[in-house]
Amino acid sequence: MQRFFVLLMMLCASLMFSQTIEGTLIFQDKKPVSYAEIILKKNQLKFSAISDEKGHFQVQLKEKGDYSFEVFNDGELIFSDKINVDGDVIKNLEIANADSQKTKISEQKIEGVVVTAKKKIIERKVDRLVFNVENSIASQGLDAVEALAKTPMLRTTDKSISIAGKSGVAVMINERLLNVSGEELVNYLKNLRSDDIQKIEVITTPPAKYEAQGKSGLINIVLKKNTSLGWNVSLQASMKNVYWNVPTVSQRYGATVNYQGKKLSASAGFTDGNFYWRMKGYEYSTGNNSYWNTDSYFFNNLRNKSANVKLEYKITDKSTVGGSYNYFFANPVETVKNRSGIKDEAGEREFTSDAYALNHRNNHYATLFYDVKIDSSGSKLSLSGNLISNNANADDYYNTQADQLISTYINPINQYRIYSGQADLEKNFKKLKTESGLKFTKIKNDSYFNYYDLNNGIPTMNFNQSNNFFYDENNYAAYASGNYEISEKWSAKAGLRYEFTELTGISPNENLTTKSHYGKFFPTAYISYKPNENNAFSINYSKRINRPSFRELNPFRYISSAFEYSSGNPLLRPSFTDNVEFSYVLKNNFTLTAFHNYSKNDWDRLQRIDNGIKYTIIFNFYNQNQTGVSLSYNYTKLSWLESNVFLNAYYVTSKTFVDDAVQMPGSYGSDFNFDNTFFLNKSKTVSFMLGAWGNIPYKEGNTSFKGVASVYSGLKLNLVEKKLTLNLLMNDILNTEREKGTEFYQDFSTQYYFKGISRNLSLSVNYKFGNNDVKGATKQLQFDEQNRAK
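Residues numbered from 1 in each chain as written. Predicted model: local features only at pLDDT ≥ 70, side-chain atom pairs only at ≥ 80, totals over all residues. Heavy atoms only, no water.

A.B. asks: How do you make sense of the sheet that holds strand E6 (residues 76–85) when you look at a structure like this?
C.D. replies: The strands making up a sheet are joined through hydrogen bonds of the backbone, oriented either antiparallel or parallel. Reading across from one edge, E3-E2-E5-E6 is the order of the four strands in this open sheet, with antiparallel pairing throughout. Only two strands of the sheet have a single partner each, and these edge strands are strand E3 (45–50) and E6. With strand direction ignored, the average angle separating the axes of adjacent strands in the sheet is 20°. The pairing of strand E5 (residues 65–73) with E6 spans nine bridges and is antiparallel. Paired with Asn73 across the strands is Glu76, a residue of E6. (Pairing = 2+ DSSP bridges. Helix = DSSP H or I, 4+ residues; strand = E, 2+ residues; numbered from the N terminus. Axes fitted to C-alpha atoms, helices over the stretch in contact; angles between N-to-C directions.)

Shown next, in the form of structure tokens:
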């Protein structure tokens, strides 16, 4: 029966494609042109294939006639010609170099059918894991967040993106870091279509070229190159709803316009969103015959608008200049209601509190760049400059009802500017590729915390509670690295980055000035071995730094009631992490990674109760070792099913060095992601999705975290030649997603629980008209410092 189906499929293919063009691509030095894209066009018809590692390609055509024949290598057009097809054709090309159109061609008639060469779905490079989105049918017709969820080692939610269970991940597009994080990052990526993505690179140990900031690694989204001229417009709309007596949770609308000319590329877009969030929770602190129990209810309404424009101009064949501007405005409304019960040496008592906050945020991001190729081997010099400007203020009202009503009004104002400039040089030799660069970043953050007592609605400034905080930081960085092809099977890469930081924090009300400076080297090293097509090994090492955000450094007291507050810590120090990994890839669909990392001076919140006041402050208070193994598998053997399985298991130990934080014992942990796409028709334009993710309980620092799991399902339609995409997705079907755990201190322990609206039904619609091959201006400028602003 199986042979019958195979023969049937071959027969159908032969009826659909009556002629074939195949051949081999080689450079003049006899090296194969591996993984080049071959495109044949006739009127509205378009056919393509990818050459294999030996440069062989094969394209099947529906009809005879005159075709345009184009070859792209690393996004650059290296050959173009007209060809007449009348039966099967062999076309062998010997290409002088990537910038030349001069070729030697031989053609002859052949008979028979050859299997089309197809690029692998998963590849292991010397310093990263590559997921080729364009070859994954299940990843088409999605937004970028959904495509990331199908990538090995990655998991996405409405709030964050994580690598192997670690959050705080930085995301790049075309090697340039995005300037947003958290929910803003997720919303940004939802406007990017997976059909425009060529591949996703997971970089768990980033090389010296990239910022040493962060300990969770990088994700690089590589967009497809423009292959034709013209324009297109993409319209997006999405709505998320809960299916039981709760109004719409969120809605978002947007449009993007792309234009590609011979020299000018341009993109412009806007979004308008309205996001509702409800959450309930509690924190129960007990110990020494006392307790402090609080039940909370949160309601947020995030209203936001954004607009962006990008321009790229090709001055010559070797130089490009461009820039971008992004504007983001939000005026979220936040409401919190608490009920607390206290028992201590003063007796038992209760109080209620509520807060209403109306926020205003204006963010401007501007970038400029200039790229120039300096030789025919692909060497390049890149110059860029960046600016972020943020202005935020809020009107916050707090009421605490105990024996008497205590009302306050707080007007926090936050203004920060971030400037950066950098130069990057890529110099290529026959077997050696080098990278080097310089970067300077200046951060200036001014915060004002105006606290007023309300008496009969009349505000009176409370100078004891008010505070200002002024923060300045200068970062200087330099790096150099080299990638050497030892042989066809062995390659190595090593680099060294140096970063010097000087900072000043001033709190006039606290009469506190903090000055600090430090310089650190961040080495990276990689070795890879590929004995054959089915096996690949690699081992790598990197050192990272994790700097605190502005909020975590700010000594402001963020009030939640007259008896509770949280505060940052201007004395907070950065943490450092050493990472070692060993990876093995089998047949380009199964990956095993063994890893160990050591973090020094990690920080988290610590709670304290003193004289009837409960407060939270952030401290460096523990070091951590983590050893584990990750497994990922991409299954595509059945024509009607594509599955992605990821499992991460580890053992973690923490050592605390602050007296009131109780050290957790060593703990095993594990998280998983299981994603399945079932194709319901032969053209694979209708598909059903079913998946699950979760983690088991684990311990870290002074906290014991409970396990969590979630199941999701959905239906996807690609219509009108994939110009119209509809996605219907049910999230958290069993309503099990929540945060729960216990923090342990010398005198008490705190149990916490938070449950938001996780079970919801979302519908997204995307329609694109115009030339689908046009991507517009796609280059993103590096500006990762925004991640620290939070």
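We are not done yet, so read on.
A.B. asks: Looking at this structure, how should I read the layout of surface pockets?
C.D. replies: The rolling of a water-molecule-sized probe over the atoms marks out the regions of remaining empty space. Roughly 380 Å³ of internal volume is contained in the second largest pocket. In terms of lining residues, the second largest pocket is bounded by 22 residues, among which Ser290, Ile609, Asp610, Asp747 and Phe748 are the most central. Of all the secondary-structure elements, those providing two or more residues to the lining of the second largest pocket are strand E19 (264–287), strand E20 (290–314), strand E22 (333–344) and strand E35 (590–610). A per-element tally of the lining of the second largest pocket places E35 first, with four residues. Its residues assigned to classes, the lining of the second largest pocket comprises six nonpolar, nine polar and seven charged. (1 Å grid on protein atoms, 1.4 Å probe; cavity = no way out; pocket = protein on both sides within 12 Å on 5 of 7 lines; lining within 4 Å. Points joined across faces, edges and corners; volume = space filled by probe spheres on them. Nonpolar A, V, L, I, M, F, W, Y, C, P; charged D, E, K, R; others polar.)

A.B. asks: Explain the pairing of strand E25 (residues 405–428) to me, please; I cannot follow it from the model alone.
C.D. replies: On any regular strand, side chains alternate: one points to one face of the sheet, the next to the other face. Where strand E24 (residues 380–401) meets E25, 20 bridges bridge the pair, whose relative direction is antiparallel. Bridge pairing in E25 links Tyr398 to Thr408. Between E24 and E25, which pair antiparallel in sequence order, lie three residues. Note: E25 against strand E26 (residues 432–455), 22 bridges, orientation antiparallel. If you follow Ala423 over to E26, its bridge partner there is Leu438.

A.B. asks: Would you mind going over the packing of aromatic side chains with me for this structure?
C.D. replies: We describe a pair of aromatic rings using the distance from one ring centre to the other and the angle between the two ring planes. Throughout the structure, instances matching the rule amount to 33 aromatic pairs. Judged by centre distance (4.3 Å) and plane angle (15°), the ring pair of Tyr282 and Tyr284 falls under stacked. We classify Tyr284 as partly exposed; its relative accessible area is 27%. Between Tyr650 and Tyr698 the ring centres are 6.4 Å apart and the planes differ by 75°, which places this aromatic pair in the edge-to-face class. (Phe/Tyr/Trp six-rings, centres within 6.5 Å; stacked < 30°, edge-to-face > 60°. Buried < 20%, exposed > 50% of the residue type's maximum accessible area, 1.4 Å probe, protein only.)

A.B. asks: Sorry, what's going on with the pattern of salt bridges here?
C.D. replies: Two side chains that carry opposite charge are able to pair once their charged atoms sit near each other. Evaluated as defined, the whole model comprises 18 salt bridges. Here Arg605 makes a salt bridge to Glu283, at a shortest N to O gap of 3.1 Å. Highlighted residues: Arg605 in strand E35 and Glu283 in strand E19, separated in sequence by 322 residues. Residue Glu283 is classed as buried on the basis of its relative accessible area of 15%. (Salt bridge = Lys/Arg side-chain N within 4 Å of Asp/Glu carboxyl O.)

A.B. asks: Sorry if this is basic, but what is going on with the side chain of Glu473 here?
C.D. replies: Relative to the helices and strands, Glu473 is located in strand E28 (residues 467–485). A polar side-chain atom of Glu473 sits 2.3 Å from a polar atom in the side chain of Tyr471. (Polar contact = N/O pair within 3.5 Å; in protein donor to acceptor, adjacent residues only side chain to side chain.)

A.B. asks: Sorry, what's going on with the confidence of the model for the protein chain here?
C.D. replies: When pLDDT drops low, the exact placement of atoms in the prediction is not to be read closely. Confidence in the prediction of the protein chain, expressed as mean pLDDT, is 84, and 88% of residues score 70 or more. Scored below 50 in pLDDT, residues 1–17 makes six contacts in the model with residues more than four places away or belonging to other chains. The low-confidence segment residues 780–787 (pLDDT under 50) makes 45 contacts with residues lying over four places distant or belonging to another chain. (pLDDT = per-residue confidence, 0-100. Contact = heavy atoms within 4.5 Å.)

A.B. asks: Help me understand unusual backbone geometry, please; the structure alone is not making it clear to me.
C.D. replies: For residues besides glycine, phi is generally negative; the peptide bonds are generally trans as well. A positive phi angle is found at Asn611, which is not glycine, with a value near 55°. One non-glycine residue, Asp732, adopts positive backbone phi at about 50°. You can see Asp732 is positioned in the loop between strand E43 (724–731) and strand E44 (739–744). Overall, the relative accessible area of 1% leaves Asp732 in the buried class.

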